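Here are the chains, one letter per residue:
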Amino acid sequence: MIFRTAALRALGLALCLSVLGTVGGACGQGALGVMPGVVNDPGNLSLRRAILSFATSQLCSEMRKRSVPLRLRDEDPVTGRFYPGTCVAQELANGNLFLQFGGSGVVWTNLTKRMSFDASAAVEYDHDFLMDGDTMYVYFRQRSTTAATFTTKLIEQPAAISLGGVSLAQGSAYANALGAQLVKTEIARGFTVIRDDDGAVQFGLGIVEKGQRPQAPYARRDNGRLLLANERTEVHQGQRDYIGPLEITDSGEAMTLTVAVEGAPGVDVLLVPRAAGEQWLQAYLTQAAPPPLSAAPLLDEPVYSGAHWRRTVPLPEGQYYLVIDNTNAAGRTQPTTYARDDRAAMVSYAVETGDAP
């Protein structure tokens, strides 16, 4: 269970973002230029494939713009991220999509504590979509996985890990083989991308039936802002969550952050430009101790348990990382360390972009 969902969720986000590039600012049936009811006709697969095919050229560039939340089980909060790096996409003669990708990630378990890794895969997907009013449900069903690799980079607590007397220390052949097999297993489940007409996107493992939604902590608001993220993340004692990159596409825009904390007394919320955030992240993926800030943040505020916290931050065009920090190495709070008692912070957050006030 340690190595579960990194590769699958990276594929899911990549493909959902490619759909954004395909259909532009709205994806209702009218916007697609198709009469209501026609697009969902089971006999019109070739029409739907033609619409999706425009996205292939943009898939990889969009994939590298975002990270992917990881959960040990579908119903769990986020406990890590996958950060895509390399990508090659190809439309096959049969109309399916062939995707090769790789990247790095981090996940927390009570067995390993923080564990970072590299992962890659090569997968053929049968893809299709259905419309539910102005909402697009895009389905990806795995047809074959020709390669999958998984290599551990850092295990914060390696001494505790064994399975049947076999060591799962970082970089061990057994750990890497187990991780690769679990990557293949998760990819085989397929995934669903849900895109609303305002550009907001949700991702679900397996097949999410038309009209249904994955769980999210906040209700969507009709406020003219684009919802970039709406999740619950579990940030353990001495850990962080690097959320992003999150993109501001035009000057005169702002990012609105909504955060609520349970479980721990509080966390620090920091916002940094992408370049500084990635430098800071790489140190987090390779160093056992959480590294200090590598540059001054654009936002650095504590959020305490039970408080209703929301900030709107005007930003120039660019990409940014939102960091939820539960360490003593950054931010204004100094979390108390409790021996044998991990005061994990359960953080609900939403990220929206829109015109600056």
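Residues numbered from 1 in each chain as written. Predicted model: local features only at pLDDT ≥ 70, side-chain atom pairs only at ≥ 80, totals over all residues. Heavy atoms only, no water.

Caption draft 1: Representation of the sheet that holds strand S11 (residues 239–248). One open sheet accounts for four strands, arranged S11-S16-S13-S14; its pairing is antiparallel. Of all strands in the sheet, those with a lone pairing partner are S11 and strand S14 (299–304), marking the two edges. Across this sheet, the average inter-strand angle for adjacent strands is 20°, counted without regard to direction. Across eight bridges, S11 lies against strand S16 (residues 318–326) in antiparallel orientation. If you follow leucine 246 over to S16, its bridge partner there is tyrosine 320. On the sheet, helix H5 (residues 274–286) packs against S11, strand S13 (266–273) and S16 and is oriented at approximately 155° with respect to S11. (Pairing = 2+ DSSP bridges. Helix = DSSP H or I, 4+ residues; strand = E, 2+ residues; numbered from the N terminus. Axes fitted to C-alpha atoms, helices over the stretch in contact; angles between N-to-C directions. Contact = heavy atoms within 4.5 Å.)

Caption draft 2: Spatial organisation of the environment of tryptophan 309. Here tryptophan 309 lies in strand S15 (residues 309–315). Judged by its relative accessible area of 5%, tryptophan 309 is buried. Spatially, the C-alpha atom of tryptophan 309 lies 6.5 Å from that of alanine 260, the residues being 49 residues apart in sequence. With sequence-adjacent residues up to four places away left out, tryptophan 309 is seen in contact with Leu257, Thr258, Val259, Val269, Leu299, Glu301, Pro302 and Val303. Here the side chain of tryptophan 309 touches glutamate 301 through a polar contact of 3.1 Å, side chain to side chain. (Buried < 20%, exposed > 50% of the residue type's maximum accessible area, 1.4 Å probe, protein only. Polar contact = N/O pair within 3.5 Å; in protein donor to acceptor, adjacent residues only side chain to side chain.)

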